[in-house]
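# What the coordinates show
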Number of protein chains: 2
Amino acid sequence: MKPVRAFLDNIAVVLHRPHFPENIGAAARAAKNMGIRRLIVVDPLDCDLTRILKMATHAAEDVVATMEIYDNLREALGSFQYIIGTTARTGSQRRTIMDPRDIARRVVSISRTNKTALLFGPENRGLANRELKYCHALVTIPTSQEFASLNLAQAVMIMTYEIFRAAEQPPESFTPKLATSFELEAMYDHLQETLAKIHFVNPENPEYWMRSLRRFFSRIGLQAREVKIIRGICRQIEWYGEKMAFEAVRQVRAQDKGIDSISCLD
Amino acid sequence: MKPVRAFLDNIAVVLHRPHFPENIGAAARAAKNMGIRRLIVVDPLDCDLTRILKMATHAAEDVVATMEIYDNLREALGSFQYIIGTTARTGSQRRTIMDPRDIARRVVSISRTNKTALLFGPENRGLANRELKYCHALVTIPTSQEFASLNLAQAVMIMTYEIFRAAEQPPESFTPKLATSFELEAMYDHLQETLAKIHFVNPENPEYWMRSLRRFFSRIGLQAREVKIIRGICRQIEWYGEKMAFEAVRQVRAQDKGIDSISCLD
């Protein structure tokens, strides 16, 4: 057995709206089994520590003790540079769905320089599209067609197990440091505002184009510097609009003044 | 997603002395997720169906409904031709410990013609040596060195997941039909008796050599025909002993008679 790799400290398990404290505890145990110690819980329905700790067992107490609890997902994911969403749904999404083994190899490479989140949805319905939009990659755990719904902690087990196993393989090529979700989301807000302003997207229904843009940027994997460039372009577009408005007003005013002076001459 | 392969019907999850009904239910669900529907429980501490079904969920109800319950392990394993024992212990055993991924590939090949059991021990201590002796192969799920103890149902999840994944790969070479555990155990009993008779093993402590013989035969993978041959040899050894005894007695009797007749002649 090889020692726990340092990069595992860059990986967190994020549970969005878990219903049962037992699943939080079992997920903590599974993560700890595979050397992952950071657990984030977003808007849990019930966070009964006794029930959590019963399933976590004594050995994963530290994971529960340092568990972070957030009210909303966007905030919880803010500091992460790479977010992997788990989903059993393959129909509705038009995005590429990856295999746990392939994504695990990518995670080993990316997490050396980037905070990486493994995001899991609620027990009853999984992650909705509005939650999957934060993700850079989607993964589906292969199952029997008869019964595809895995228990939450079981899904955590398989994903963390695959990552632990992938660490035994030589890593893929070096991945540069990516922008955080906080930086990305602020960029998307900015971009949406700008694109609405220039009437590239319909302000009443901006989602269609924004989804495409998210998919495009997620596939590339933006770095912080590139996020700054895109926001710079947005600012310049706004500046341009304002400048055009200002110039137009000045011109009109100049014309008005001319007319005025003409009228004064009368 | 590919259809459930027929060979998965030849695989059973066997839980030896599970303590918590929730783990039985969660194991049933995990197995069903990966297309395995046969669940055997041996001497469970608590078999509360309500608690089992809560974790199994509606979708794995059929696995629980057809679950087989046995009093003793030997009987439970009787009909299986290939038995894989899961163990976290690597120190005490001098047998080769396999990786879940490697054993999964072997299972895909073997289970096409052989009933295969995945054997899991009790939550608190795992499988003891007296239980591991039934196994043809041992497997340890790799974990962080810090915390190696997996939840029972989580271990079932990983093993069944690996087998399901291995089914997607082209199978290894063909494996012939092996002897059942029932046939093997009867052979080992017979062998031990015979070896004690010929003073190859100490009747007070036959375990040392018997363990070596089990390891040897497990590695080979005996077929039913070969088991018959070995038992045939045992029978012949006994026959030989009896024959030697009989002849010796006859000879002595003949001598006695000779002596008698001589004495009669006196």
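Residues numbered from 1 in each chain as written. Chains lettered and ligands numbered in written order. Predicted model: local features only at pLDDT ≥ 70, side-chain atom pairs only at ≥ 80, totals over all residues. Heavy atoms only, no water.

The helix and strand inventory of chain A stands at 10 helices and 7 strands. The C-alpha atoms of chain A give 24 Å as radius of gyration, which overshoots the globular expectation for 266 residues (18 Å, by more than 25%). In terms of overall dimensions, chain A has a C-alpha envelope of 95 × 40 × 40 Å along the principal axes. Burial status across chain A gives 48% buried among its 266 residues. Sequence separation of at least 24 residues holds for 85% of the intrachain contacts in chain A that already meet a minimum separation of 6. With an accessible surface of roughly 13,300 Å², chain A has 55% of that area assigned to carbon and sulfur atoms. (Helix = DSSP H or I, 4+ residues; strand = E, 2+ residues; numbered from the N terminus. Rg over C-alpha atoms; globule rule 2.2 N^0.38 Å. Buried < 20%, exposed > 50% of the residue type's maximum accessible area, 1.4 Å probe, protein only. Contact = heavy atoms within 4.5 Å. Areas by Shrake-Rupley, 256 points an atom, 1.4 Å probe, with all protein chains shown as cover.)

What follows deals with the domain arrangement of chain A. Residue and element names in this part refer to chain A. Split into domains, chain A comes out as domain 1 (6–166) and domain 2 (181–265). Using only C-alpha atoms to locate each centre, domain 1 and domain 2 end up separated by 37 Å. Listed per partner, the contact involves 11 residues of domain 1 and 9 residues of domain 2. Summed over both sides, the interface between domain 1 and domain 2 buries roughly 1,000 Å², with carbon and sulfur atoms accounting for 45% of that surface. In this assembly, domain 1 and domain 2 are joined by 1 salt bridge. Counting the contacts that link domain 1 with domain 2 gives 6 residue pairs in polar contact (both at pLDDT 80 or more). Residue classes in the side of domain 1 that touches domain 2 are distributed as 5 nonpolar, 2 polar and 4 charged. (Domains from an automatic or database assignment. Buried area = accessible area lost by both parts, 1.4 Å probe. Salt bridge = Lys/Arg side-chain N within 4 Å of Asp/Glu carboxyl O. Polar contact = N/O pair within 3.5 Å; in protein donor to acceptor, adjacent residues only side chain to side chain. Nonpolar A, V, L, I, M, F, W, Y, C, P; charged D, E, K, R; others polar.)

What follows covers the interface of chain B and chain A. Between chain B and chain A, the residue contacts involve 38 residues of the former and 38 residues of the latter. Summed over both sides, the interface of chain B with chain A buries roughly 3,300 Å², with 55% coming from carbon and sulfur. In this structure, the connection of chain B to chain A is made through 8 salt bridges. Between chain B and chain A we count 18 residue pairs in polar contact (both at pLDDT 80 or more) in total. Mapped onto the side of chain B that touches chain A, the elements with two or more residues apiece are α1 (21–33), α5 (100–110) and α7 (152–166) of chain B.

Moving on, we get to the packing of α1(B) against helix α2 (residues 49–56) of chain B. All names here are of chain B. Taken N-terminus to C-terminus, the directions of α1 and α2 make an angle of 35°; their axes are 7 Å apart at the nearest point. For the crossing formed where α1 meets α2, the hand is right-handed. Of α2, the residues touching α1 (which contributes Pro21, Glu22, Ile24, Gly25, Ala26, Ala28 and Arg29) are Arg51, Ile52, Met55 and Ala56. Of the residues assigned to the contact of α1 with α2, the class counts are 7 nonpolar, 1 polar and 3 charged. (Axes fitted to C-alpha atoms, helices over the stretch in contact; angles between N-to-C directions. Left-handed = near helix turned anticlockwise from the far one by under 90°.)

The subject of this paragraph is the pairing of strand β6 (residues 116–120) of chain B. Residue and element names in this part refer to chain B. Counting buried positions along β6 yields 5 of 5 residues, so the element is predominantly enclosed. The side-chain alternation of β6 yields two buried faces, one formed by Thr116, Leu118 and Phe120 and the other by Ala117 and Leu119. Sheet topology places strand β4 (residues 82–86) next to β6; 4 bridges connect them, and they run parallel. In the sheet register, Tyr82 faces β6, and the bridge partner there is Thr116. (Pairing = 2+ DSSP bridges.)

Rotating chain B by 180° and translating it 0.0 Å along the rotation axis places it on chain A, where the RMSD comes to 0.0 Å. Taken together, the rotation and translation relating the two chain copies correspond to the operation of a two-fold axis. A symmetric contact is evident, with 100% of the interface residues of chain B recurring at the interface of chain A. (Least-squares fit on C-alpha atoms with pLDDT ≥ 70 in both.)

Turning our eyes to something else, we now look at the side chain of Glu185(B). Tracing the sequence through the fold places Glu185(B) in helix α8 (residues 181–197). Overall, the relative accessible area of 3% leaves Glu185(B) in the buried class.

Along the chain, the position of Arg211(A) falls in helix α9 (residues 207–220). Separated by 151 residues in the primary sequence, Arg211(A) and Ala60(A) place their C-alpha atoms 38 Å from one another.

Moving on, we come to the sheet that holds strand β1 (residues 11–16) of chain A. Residue and element names in this part refer to chain A. What the 7 strands build is an open sheet, ordered β3-β2-β1-β6-β4-β7-β5; its pairing is parallel. The sheet is open, and its two borders are formed by β3 (68–70) and β5 (97–98), each paired with just one other strand. Here 3 bridges tie strand β4 (residues 82–86) to strand β7 (residues 137–139), and the two strands are oriented parallel to one another. Looking across to β7, one finds that Gly85 is bridged to Leu138. Of the strands in this sheet, β1, β4, β6 (116–120) and β7 are in contact with helix α7 (residues 152–166), which crosses β6 at around 150°.

We now examine the pattern of salt bridges. Counting across every chain of the model gives 39 salt bridges over all chains. The residue Arg37(A) makes a salt bridge to Glu146(B) at a minimum N-O spacing of 3.8 Å. In this pair, Arg37(A) is assigned in the loop between α1 (21–33) and β2 (38–42) and Glu146(B) in the loop between β7 (137–139) and α7, connecting two distinct chains. Taking relative accessible area as the criterion, Arg37(A) reaches 32% and is therefore assigned partly exposed. Between Arg250(A) and Glu247(A) there is a salt bridge, with its nearest N and O atoms 3.7 Å apart. Taken together, the residues Arg250(A) and Glu247(A), both in helix α10 (residues 224–265) and 3 residues apart, mark about one turn of the helix. The class of Glu247(A) is partly exposed, set by a relative accessible area of 35%.

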